[in-house]
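One letter stands for each residue in the lines below.
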Amino acid sequence: LVVPYEYEMEYKTATESALPIILVPALEEAFGEALLSTLFPKKCSTTGNSSSTDLATGLSTLPVDEILAGTLCQDQKVVTNLCLVFTGKLTVYYNAAVIGNTTGLTNTILDLLKSGMDNGDFLDAFEGVQRVGYIEPEEVEEDKEFYEEWLEWIRDLIESDDKTPLLIVAGSVIVS
């Protein structure tokens with residue numbers, strides 16, 4: 001079972017080139033660790049004699065999380081930080097005799113990830129991570145639509161015969 005989700009990560013000490021190599025695997029590992037006691041209550045019991053049934057037989061952070069191109073962060077806290085949106089996926093191996101319907105298992109995983117992100121549980125995954133925020137799927141779709149419309153507007157403007165000068169401001173400057 002592959003469980004997809006989206007999240008944004010705001011960070012300040014790493015460079016974008018280090019992102020796939022260092023930051024993303026560190027976050028993926030932290031996400032997986034946050035799920036262990038729920039997915040494997042029998043194996044992860046602190047008393048060693050849990051009678052609970054494990055919900056999964058295996059967990060993998062693969063496929064690798066990827067930057068969701070063309071999607072802007074919804075809730076960036078510090079404008080000087082770097083912030084990127086990711087599409088993440090976890091692979092859960094389960095016993096079909098124990099888990100008949102995977103919807104409940106998927107929802108449990110997503111709820112745990114969202115809760116961990118909301119509570120700041122993943123900030124220690126790697127130095128420089130300032131915030132990790134869960135993104136509801138409909139928010140990602142709305143942002144993609146805005147980005148695509150904006151790109152289409154820019155293309156139309158460039159291709160038009162109207163040569164009126166235009167200034168597009170992509171940021172802001174505060175002068176005091």
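Residues numbered from 1 in each chain as written. Predicted model: local features only at pLDDT ≥ 70, side-chain atom pairs only at ≥ 80, totals over all residues. Heavy atoms only, no water.

Tallying each qualifying case throughout the model produces five salt bridges. When the shortest N-O distance is used, the salt bridge between Arg 131 and Glu 8 registers 2.7 Å. On the criterion of sequence distance, the pair formed by Arg 131 in strand S5 (residues 129-135) and Glu 8 in strand S1 (residues 2-11) is long-range, its members being 123 residues apart. On the basis of relative accessibility, which here comes to 12%, the residue Arg 131 falls in the buried class. Salt-bridge contacts for Asp 54 lead to Lys 43; the nearest nitrogen and oxygen are separated by 2.7 Å. With Asp 54 in the loop between helix H1 (19-39) and strand S2 (58-60) and Lys 43 in the loop between H1 and S2, this pair connects stretches of sequence that are eleven residues apart. You can call Lys 43 exposed: its relative accessible area is 62%. (Salt bridge = Lys/Arg side-chain N within 4 Å of Asp/Glu carboxyl O. Helix = DSSP H or I, 4+ residues; strand = E, 2+ residues; numbered from the N terminus. Buried < 20%, exposed > 50% of the residue type's maximum accessible area, 1.4 Å probe, protein only.)

Right, let's talk about the state of the cysteines for a bit. Summed over all chains, the structure comprises one disulfide. Residue Cys 73 pairs covalently with Cys 83 via a disulfide, S to S 2.0 Å. On the sign convention where negative means left-handed, the S-S torsion of about -105° between Cys 73 and Cys 83 marks this disulfide as left-handed. Here Cys 73, found in the loop between strand S3 (66-67) and strand S4 (82-93), pairs with Cys 83, found in strand S4; they are ten residues apart in sequence, far enough to count as distant. (Disulfide = S-S within 2.5 Å.)

The subject of this paragraph is the nonpolar core. Formed by 28 residues in total, the largest nonpolar core has its most connected members in Tyr 5, Tyr 7, Met 9, Phe 31, Ile 109, Met 117 and Val 132. If you tally residues by element for this core, the top one is H1, at seven residues. Among residues more than four places away in sequence, those in contact with Val 132 are Tyr 7, Glu 8, Met 9, Leu 27, Phe 31, Met 117, Phe 122 and Leu 123. Judged by nonpolar contacts, the second largest core, of five residues, contains Leu 68, Cys 73, Cys 83 and Val 85. (Core = buried A, V, L, I, M, F, W, Y, C linked by side-chain atoms within 4.5 Å. Contact = heavy atoms within 4.5 Å.)

Interpretation note: all reported values are geometric properties and have no functional meaning in isolation.
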